[in-house]
Amino acid sequence: MKAANAKMIRKLLPFFALSIGLGFTIWLIAAASLTSILHSFAQIGWGIVAVAGVRAAMITMNAVAWRQLLANLIHLPFAVFALLRWIREAIDVLLPVAGLGGSLVSARLLTFWQVSGATALAGVAADVLLQTAAQASFALVGALLLARLVGFNSLVPEIILGIAAAVIVLGGFYVVQRYAGARLIDRALVALLARTTFDAQEGQPSFQSAIDGVWHGRRRYVVAASATHICAWTLGTLEVWITLHFMKWPVLLEQAVILESLGASISSAAFFVPGSWGVQEAGYILIGQMLGLPAHLLLALSLVKRVPDLLLGAPGLLAWRILEARHLISLTRLDAR
């Protein structure tokens, strides 16, 4: 009974976090000027197409980074990486799952192309680590720019604390991948494959050997993937710049970098809240008001950035279900033979 209750609580936690996040977002909107928010939101007009285009370009660049990381390990067309990276993003931004839900699904989908479960999971885990490290680097740039604008002395403790936390978290993630958690991940992988329609074959590598294969002696691929992830995060600055430009509130490029780098980092840190609802909005208000921007404009900016989540995410979820259906049909045909 206790185990069943614990399982039920784990399933309900994302919905509970989502409810709190949505409630907080509504409270922020009510506390600001709803009329001003709607007016600012409406001003962007067809500019939303440009914002969605930037987001699509970011997803494509992240797919390029993923493929670069796994070059010579997984021989698949780029279209496969682009498709699965799109689905990964759609799941993370639209479904009430933790921030790694899309990553796990993309690893599972990769096995549909005859990639071993361990290799797929290792490739996704390494890619998530590099993408997070790239975001931390981008956030550091934003923090230094903000400190230059408001005064270094006022932000030095926070910057040092942030760097220390990033080093500890990313270093711990790497150690778990390579050493401490390899056996635990192997056991979890066996359980994961047992719950899927993919049948593991004898002779497949363990997670330990697969993750070693990703990192060991492949510095050139790791550096290339990291650089591409950094470029993808930097490209996201255009979302902020374009949005505020159409809202008749142009900002300097460094201000756009500050808003995007720190806002995205705060949003990513709240991975336990589906879609980072409430956290993203509060983050933009906190950072933007240090730059002298009004709250209603920052809330409109956050809401505009959620439009590509829906425009690109909804078709991504549909693509996921189509892949699952096609795979199930192919397995049924094999069984029939």
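That block above? That's the structure.
Here is what the cut-offs are and how they apply
Residues numbered from 1 in each chain as written. Predicted model: local features only at pLDDT ≥ 70, side-chain atom pairs only at ≥ 80, totals over all residues. Heavy atoms only, no water. Helix = DSSP H or I, 4+ residues; strand = E, 2+ residues; numbered from the N terminus. Buried < 20%, exposed > 50% of the residue type's maximum accessible area, 1.4 Å probe, protein only. Expected span 1.5 Å × (residues − 1). Contact = heavy atoms within 4.5 Å. Patch = residues over 30% accessible without salt bridge, like charges linked within 9 Å, V, L, I, M, F, W, Y side chains within 5 Å. Areas by Shrake-Rupley, 256 points an atom, 1.4 Å probe, with all protein chains shown as cover. Salt bridge = Lys/Arg side-chain N within 4 Å of Asp/Glu carboxyl O. Core = buried A, V, L, I, M, F, W, Y, C linked by side-chain atoms within 4.5 Å. Axes fitted to C-alpha atoms, helices over the stretch in contact; angles between N-to-C directions. Parallel < 35°, antiparallel > 145°, perpendicular 65-115°, else oblique. Left-handed = near helix turned anticlockwise from the far one by under 90°. Nonpolar A, V, L, I, M, F, W, Y, C, P; charged D, E, K, R; others polar.

> Go over the overall build of the chain with me, naming the residues and quoting the values.
Along its length, the chain carries 14 helices and zero strands. Walking the chain from its N terminus toward its C terminus, one meets helices and strands in the order α-α-α-α-α-α-α-α-α-α-α-α-α-α. In the chain, which comprises 337 residues, the proportion classed as buried is 46%.

> Which residues make up helix α10 (residues 219-235), and what values do they have?
For α10, spanning 17 residues, the distance from its first C-alpha to its last is 24 Å, which sits close to the expected 24 Å at 1.5 Å a residue. The secondary structure elements touched by the buried residues of α10 are α3 (47-69), α6 (117-150), α9 (207-215), α11 (237-246) and α12 (253-269).

> I'd like a description of a nonpolar patch on the surface, backed by residues and values.
A contiguous nonpolar patch, built from Leu149, Val150 and Met290 and spanning about 220 Å² of accessible area, is present on the exposed surface. Assignment of secondary structure puts Met290 in helix α13 (residues 279-290).

> Before we move on, could you go through the nonpolar core and cite the residues and values that matter?
Counting residues in each nonpolar core, the largest one holds 38 residues, and the members touching the most others are Leu69, Leu84, Ile87, Leu109 and Leu110. Those elements giving two or more residues to this core turn out to be α3, α4 (78-94), α5 (101-110), α6, α9, α10 and α14 (295-336). Here the element with the most residues in this core is α6; it accounts for nine residues. When residues no more than four places from it in sequence are discounted, the contact partners of Ile87 are Leu109, Gly316, Ala319, Trp320 and Leu323. Ile242, Val251, Leu297 and Leu301 belong to the second-largest nonpolar core, a separate cluster that totals 31 residues.

> Explain α4 to me, and be specific about the residues and the numbers.
When the terminal C-alpha atoms of α4 are compared, their 24 Å separation across 17 residues agrees well with the 24 Å that a helix rising 1.5 Å per residue should span. Where α4 is concerned, the buried positions are Val80, Phe81, Leu84, Arg85, Ile87, Arg88, Ala90, Ile91 and Val93.

> Which residues make up the packing of α6 against α10, and what values go with them?
The N-to-C vectors of α6 and α10 enclose an angle of 50°; their axes lie 8 Å apart at closest approach. In terms of axis orientation, α6 runs oblique to α10. Seen along the crossing, α6 lies across α10 with a hand that is right-handed. On α10, the residues touching Asp127, Leu130, Gln131, Ala134, Gln135 and Phe138 of α6 are Val222, Ala225, Ser226, His229, Ile230, Trp233 and Thr234. Considered class by class, the residues forming the contact of α6 with α10 number seven nonpolar, five polar and one charged.

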